[in-house]
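Analysis of the macromolecular model
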Amino acid sequence: MALYGGIEAGGTKFVCAVGTGPDDIRDEIRFPTTSPEENISQAIAFFREQHKKEPLTALGVACFGPLDPDPHSPKFGYVTTTPKVGWAQTNFVGPLRQALGLPVGFDTDVNGAALGEWRWGAGQGLDNFVYLTIGTGLGGGGIINGKPIHGLIHSEMGHMLIPHNWDADPYSGFCPYHGDCWEGLCAGPALEGRWQTRAENLPPDHNAWDLEAHYLALGLHNIICTLSPQRIIMGGGVMEQRQLFALVHNHVYTLLNGYIQSVQILENMDKYIVPPGLGNRSGVLGAIALAEIAAVN
Ligand code: ADP
Ligand code: ZN
């Protein structure tokens with residue numbers, strides 16, 4: 001059976017793994033995200049050792065963005081305009097390919113996680129669904145007509161603009177580009193900025209969570225109306241607050257106001273907006289799923 005390598009490149013840490021799927025991860029390492037030079041060398045060293053033990057067929061990289069996922073572009077495999085210090089215009093795939101001589105798949109962290117969920121998790125059997133992460137940032141990706149969502153570049157659902165009632169919530173949002181976009185109002189740092197304590201310290205019955213669910217639902221309403229996903233998977237640190245799911249279900253139901261006549265929405269909302277089937281492993285397993293695709297392309 002072909003063996004694959006996967007890299008989940010996150011804003012705070014890297015996870016590199018070798019395996020064939022969730023029940024067969026042969027080895028894994030984690031290290032903090034620092035500079036491209038250091039992190040790419042660390043990844044190469046790990047996969048070189050693995051490749052010696054048993055040859056790898058391909059690698060996949062699920063990475064924070066913005067990045068260039070278009071195999072026909074001269075900048076394919078680059079992290080492009082990221083505000084992350086030291087990483088703008090980094091050629092990520094090139095050095096991996098050169099050092100390891102393997103095909104390398106490359107996509108956003110959220111498209112990668114969506115692929116992982118499609119292959120082994122909560123997206124199995126669906127041709128159209130969205131995966132969102134609500135953590136340090138808010139990112140969205142997914143599968144449309146059986147393919148990861150790409151277009152001009154890749155989607156940036158986290159930067160949708162949603163209604164913001166400044167009287168009820170004077171917090172101005174933290175997005176450096178848009179202030180109170182969806183990410184600016186909803187991701188972990190927004191909870192901390194608004195309530196002056198880290199999100200994980202807010203008690204489950206704090207009214208922060210109802211406001212959070214309201215904001216999340218506004219963006220979800222837009223996604224449901226534009227992409228018509230068959231399911232929405234929500235992961236990331238903030239969604240560890242499991243009480244949020246029921247609140248989000250209620251707010252989405254109320255906002256849609258009966259307009260979308262689907263039993264998924266009208267009767268089965270708890271199966272429509274769901275946590276990841278792979279828990280916090282969607283990203284790294286998605287990177288392995290990206291490698292599977294790279295191997296046959
Ligand atoms: P990253 O986005 O860096 O990959 P996470 O998905 O863990 O990492 O997101 C980190 C953000 O999520 C932080 O803003 C943190 O405050 C928040 N967070 C992490 N765990 C929890 C939790 N259990 N409850 C609420 N918020 C959390
Ligand atoms: Zn923004």
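Preceding this section is the structure that the text describes.
In this text, all values refer to a predicted model and were calculated from it rather than measured experimentally.

What counts as what
Residues numbered from 1 in each chain as written. Chains lettered and ligands numbered in written order. Predicted model: local features only at pLDDT ≥ 70, side-chain atom pairs only at ≥ 80, totals over all residues. Heavy atoms only, no water. Donors = N, O, S within 2.8 Å, 3.2 Å for Na, K, Ca; no water. Tetrahedral: all angles 85-135°; square planar, octahedral: opposite > 155°, others 65-115°. Buried < 20%, exposed > 50% of the residue type's maximum accessible area, 1.4 Å probe, protein only. Salt bridge = Lys/Arg side-chain N within 4 Å of Asp/Glu carboxyl O. Helix = DSSP H or I, 4+ residues; strand = E, 2+ residues; numbered from the N terminus.

Turning next to the coordination of the zinc ion (ligand 2). At 2.1 to 2.4 Å from the zinc ion (ligand 2) lie its protein donor atoms, namely His 159 (ND1), Cys 175 (SG), His 178 (ND1) and Cys 181 (SG). Around the zinc ion (ligand 2) sit four donor atoms, and with donor-metal-donor angles ranging over 102 to 121° the site reads as tetrahedral. When its relative accessible area of 6% is taken as the criterion, Cys 175 is described as buried.

Turning our eyes to something else, we now look at the pattern of salt bridges. Note that side chains of opposite charge can pair when their charged atoms are close. Scanning the entire structure with this criterion turns up ten salt bridges. Glu 54 serves as the salt-bridge partner of Arg 26, at 3.0 Å between the closest nitrogen and oxygen. Of this pair, Arg 26 sits in strand E3 (residues 24–32) while Glu 54 is found in the loop between helix H1 (36–53) and strand E4 (58–63), placing the two residues 28 residues apart along the sequence. In this structure Arg 26 comes out as partly exposed when scored by relative accessible area, which is 40%. Here Glu 28 makes a salt bridge to Arg 281, at a shortest N to O gap of 2.8 Å. With Glu 28 in strand E3 and Arg 281 in the loop between strand E12 (273–274) and helix H10 (282–296), the pair connects residues that are 253 residues apart, well separated along the chain. Of the residues examined, Glu 28 reaches a relative accessible area of 23% and is grouped as partly exposed.

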